[in-house]
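Here's the letter readout for the chains.
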Amino acid sequence: DNLQQHLALLGEARAKGIELLVFPELSLLGYQLKDLANELALPASEICDAFSGMGEGPAIEVVVGFMERAQSGPATNSQAHLRIDEQGRATLLHVHQKLNLPTYGMFEEERFFAKGHTLRTYDSPLLGRSGMLICEDMWHPANPLILALDGPGLQGARVLIVASDSPARGVLGPDRTEPENAEKWDLLARYTALTCNCAVLVAQRVGVEDGLVFTGGSEIVLPGGQLLARAALFSEELLVGDLPLEVALKRQRATPFAGPEEDFERLKRELLRISRRYLED
């Protein structure tokens, strides 16, 4: 059923001329998998097969969430970036495996999922140099920074694609018109777009699963931190925006702060110093 919903939305997006469609974290399976994770896990090649055969139409790229089968051990919470060509054939551009698994409060991901271990940018025919993160990954500042630097001449990701299932937290009241987690996600997306000089696309799940209420509020943020578009909270929406990527990147590069690469040597030196001290302790 989830796959059919994906294909229906993908067909709608193609018909509207949309060139990139991003789904939230674990979009094909749902979040509360727990001990079903390994049973429902699939290799990335089968994700590609599932999105092939859509028939002729405009080329489109799509990012979907799934549980990825491992050769041994637990499955990983993964996100696949596919390109579907004019004949409807899907090819795999990149897979990101979630690095930071929250296991606190309502979260217990380390009980059921394995951690990813690598963080790489990749090339998208539509977007150019890109990077992906999944939910908690975004809250660890080293992750976006690495992607911002992972490219020729330390020019890394131009676009950061973030898939998330963020349950509502924080009580609404006179001083808060939206849940605390939605406020913090908005702040985090804008800050990352500013400091890493990249567009940030955040796909947030909306709806209810096993008592968890997911807020929605997906966002498209320009390099420099300007909000281009934001979806409604607690309401399913196909958020559409026209991303002027080249113009925004050119404008941001003309500012005094145009990205993190200027401090790379100092960053490398200090991280090595901290690493040596950590190993000695």
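Thresholds, definitions, all that
Residues numbered from 1 in each chain as written. Predicted model: local features only at pLDDT ≥ 70, side-chain atom pairs only at ≥ 80, totals over all residues. Heavy atoms only, no water. Buried < 20%, exposed > 50% of the residue type's maximum accessible area, 1.4 Å probe, protein only. Helix = DSSP H or I, 4+ residues; strand = E, 2+ residues; numbered from the N terminus. Pairing = 2+ DSSP bridges. Axes fitted to C-alpha atoms, helices over the stretch in contact; angles between N-to-C directions. Contact = heavy atoms within 4.5 Å. 1 Å grid on protein atoms, 1.4 Å probe; cavity = no way out; pocket = protein on both sides within 12 Å on 5 of 7 lines; lining within 4 Å. Points joined across faces, edges and corners; volume = space filled by probe spheres on them. Nonpolar A, V, L, I, M, F, W, Y, C, P; charged D, E, K, R; others polar.

A look at the pairing of strand β2 (residues 60-68)
By the criterion of burial, β2 is predominantly enclosed, with nine of the nine residues buried. Residues Ile-60, Val-62, Val-64, Phe-66 and Glu-68 of β2 are buried on one face, and the alternating residues Glu-61, Val-63, Gly-65 and Met-67, pointing to the opposite face, are buried as well. Pairing geometry for strand β1 (residues 20-22) and β2, over three bridges, is parallel. Residue pairing for β2: Leu-21 is matched across the bridge by Val-62. For β2 and strand β3 (residues 76-84), the ladder comprises nine bridges, and the chain directions are antiparallel. In the strand pairing of β3, Phe-66 is matched with Ser-78.

Observations concerning the sheet that holds strand β6 (residues 128-134)
Backbone hydrogen bonds are what pair the strands of a sheet, in a parallel or an antiparallel way. With respect to topology, six strands assemble into an open sheet ordered β5-β6-β7-β8-β11-β12, the strand pairing being mixed. Among the strands making up the open sheet, the edge pair consists of β5 (122-124) and β12 (227-230). Each strand of the sheet is rotated relative to its neighbour by a mean of 25°, with strand direction disregarded. Lying over the sheet, helix α4 (residues 142-149) contacts β6 and β7 (159-164), oriented at roughly 165° with respect to β6.

Overview of empty space enclosed by the protein
The final tally for this structure, using the stated rule, is two cavities of 30 Å³ or more. Together, Tyr-31, Gln-32, Leu-33, Lys-34, Met-106, Phe-107, Glu-108, Glu-109, Phe-112 and Phe-113 line the largest cavity. One number sums up the size of the second largest cavity: a volume of about 50 Å³. Lining the second largest cavity, in full, are Ala-182, Trp-185, Asp-186, Val-202, Gln-204, Thr-215, Gly-216, Gly-217, Glu-219 and Arg-230. No other element matches the three residues that helix α5 (residues 180-195) contributes to the lining of the second largest cavity. Along the lines of polarity and charge, the residues of the lining of the second largest cavity split into three nonpolar, four polar and three charged.

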